[in-house]
Amino acid sequence: MTSAVIELQGISFSYPGAIKALDRFSASFLRGRRTAVLGRNGSGKTTLFSLLNGLQHPQSGQILFDGRRIAYDRQSLLNLRQEVGMVFQDPDSQLFSACIYEDISFGPMNLGLPEKEVRIRVEHALAQMKLAGLENRPTHSLSFGQKKRACIAGVLAMQPKVLVLDEPFAGLDPVMAAEFSAILDELHRSGTTLIIATHDLDLAYSWADEVIVLKEGTLLAEGTAGETLMRADVHAELGASPVVAEIAAAIALTGVEVYANGYLPRSKDDLVKIITANINKENVR
Ligand SMILES: Nc1ncnc2c1ncn2[C@@H]1O[C@H](COP(=O)(O)OP(=O)(O)O)[C@@H](O)[C@H]1O
Ligand SMILES: [Mg+2]
């Protein structure tokens, strides 16, 4: 059984003015898995993320990291933020230095690592995020996508166990999104726990192992992506169902086999492959 790396137990959180963002919310993030947090605008995704690395404190309930309740003194928060890397939606709110080299080196330097180690980490993160050559350009002169990649590089340089990304694909062009997806795959293979927020059901269906669905600050559903994203109450809440699943179901009705090893395809590419292969088989007969 996979253990939870982060566990939220009965969390309630309100902003000043009694704006309730989370209401007795409980859920677990499993170690090494890719989890998509889904929910409509205002359902509490960003608030939930701000609790995961201690930026906000819940007014009630508790959060466990690696089985231990998180504490909010300075040293505990520093330790927590080393383990749980956070990438916000808006890169301008995260970048604060004149150039991205400075920005990316800030975290590792703060850890008190030797200069050489800092340099190695920064250069590795720059290469990973395809930012080599841009490290000394003024931050404000970079494009949105470059800034977003710089934010991610800054977090990767900390080598976190858990990487939390708020709507990471929003605002990326399709080429950048594909490149970014490949980077996430690599991190997943190397054992990093990945958590993303999105309201894109299709993206969640093709990308995630697990999903957590929020509804007005409460937990609507939690479980594997394959099962949870087929639930009628989830479709009703999100106002959609995964397009690939809908097409696969329609094709199955025509008698063409759409299952591969007992599983429905989860991405457009897999669906096309299976349909093409099976339609060709039918034609040969
Ligand atoms: N800084 C804030 N101050 C007051 N209310 C906020 C703030 N941020 C979010 N909220 C409110 O909290 C609720 C949850 O918002 P949020 O966590 O941003 O949801 P999501 O990320 O799913 O869109 C909403 O009602 C939103 O208006
Ligand atoms: Mg949000």
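As shown above, the structure is provided for reference.
## A short note on the sheet that holds strand β4 (residues 60–65)
Logical step 1: The 4 strands lie next to each other as β2-β1-β4-β5, forming an open sheet whose pairing is antiparallel. A single partner strand is all that each edge strand has here, and the edge strands are β2 (19–30) and β5 (68–69).
Logical step 2: In this fold helix α1 (residues 45–52) packs onto β1 (4–15), β2 and β4, with an angle of close to 120 degrees to the strand it touches most, β1.

## Observations regarding unusual backbone geometry
Logical step 1: Phi is positive for Gln 159, which is not a glycine, with a value near 50 degrees.
Logical step 2: Of note in the backbone geometry, Glu 167 takes a positive phi value of approximately 45 degrees without being a glycine.
Logical step 3: Structurally, the position occupied by Glu 167 is in the loop between β7 (162–166) and α6 (174–189).
Logical step 4: Judged by C-beta crowding, with 19 C-beta atoms within 10 Å, Glu 167 ranks as partly exposed.

## Remarks on the site of ligand 1
Logical step 1: Surveying the vicinity of ligand 1 reveals the residues Tyr 15, Ile 19, Ala 21, Gly 39, Asn 41, Gly 42, Ser 43, Gly 44, Lys 45, Thr 46 and Thr 47.
Logical step 2: Every element with two or more residues in the shell around ligand 1 is listed here: β2 and α1.
Logical step 3: Considering each element in turn, the shell around ligand 1 owes the most residues, 3 residues, to α1.

## Remarks on the sheet that holds β7
Working definition: the strands of a sheet are paired by backbone hydrogen bonds and lie parallel or antiparallel to each other.
Logical step 1: Spatial strand order, β6-β7-β8-β3-β9-β10: 6 strands in an open sheet with mixed pairing. Edge positions in the sheet fall to β6 (84–87) and β10 (218–224), since each of these pairs with one other strand and no more. Along the sheet, successive strands turn relative to each other by an average axial angle of 15 degrees, direction set aside.
Logical step 2: Bridge count for strand β3 (residues 34–38) against strand β8 (residues 193–198) is 5 bridges, and the pairing is parallel. By the bridge assignment, Val 37 is partnered in β8 with Ala 197.
Logical step 3: Packing of helix α5 (residues 144–156) onto the sheet brings it into contact with β6 and β7, and relative to β6 it is tilted by some 170 degrees.

## Considerations on the pairing of β10
Logical step 1: In the sheet, strand β9 (residues 210–215) pairs with β10 via 6 bridges, with the strands oriented antiparallel. Bridging across to β10, Lys 215 finds its partner in Thr 218.
Logical step 2: Remark: 2 residues form the turn of the hairpin made by β9 and β10, two consecutive strands paired antiparallel; Glu 216 in that turn has positive phi of roughly 45 degrees.

## What about the nonpolar core?
Soluble globular proteins: nonpolar side chains tend toward being buried together.
Logical step 1: One finds Ala 36, Val 37, Ile 104, Ala 153, Val 164, Ala 204 and Val 211 to be the most contacted residues of the largest nonpolar core, which totals 70 residues.
Logical step 2: Per-element tally for this core: the top contributor is α5, with 6 residues.
Logical step 3: Counting residues domain by domain, this core receives three or more from each of domain 1 (4–241) and domain 2 (248–285).

## Digging into the environment of Met 230
Logical step 1: Tracing the chain through its elements places Met 230 in the loop between α8 (225–228) and α9 (232–238).
Logical step 2: By C-beta crowding, Met 230 is classed as partly exposed, having 15 other C-beta atoms within 10 Å.
Logical step 3: Note: C-alpha distance between Met 230 and Phe 96 (134 residues apart in sequence) is 42 Å.

The rules behind the values
Residues numbered from 1 in each chain as written. Chains lettered and ligands numbered in written order. Predicted model: local features only at pLDDT ≥ 70, side-chain atom pairs only at ≥ 80, totals over all residues. Pairing = 2+ DSSP bridges. Helix = DSSP H or I, 4+ residues; strand = E, 2+ residues; numbered from the N terminus. Contact = placed C-beta atoms within 7 Å. Axes fitted to C-alpha atoms, helices over the stretch in contact; angles between N-to-C directions. Buried ≥ 20, exposed ≤ 12 C-beta atoms within 10 Å, placed from the backbone. Near = placed C-beta within 6 Å. Core = buried A, V, L, I, M, F, W, Y, C linked by C-beta atoms within 7 Å. Domains from an automatic or database assignment.

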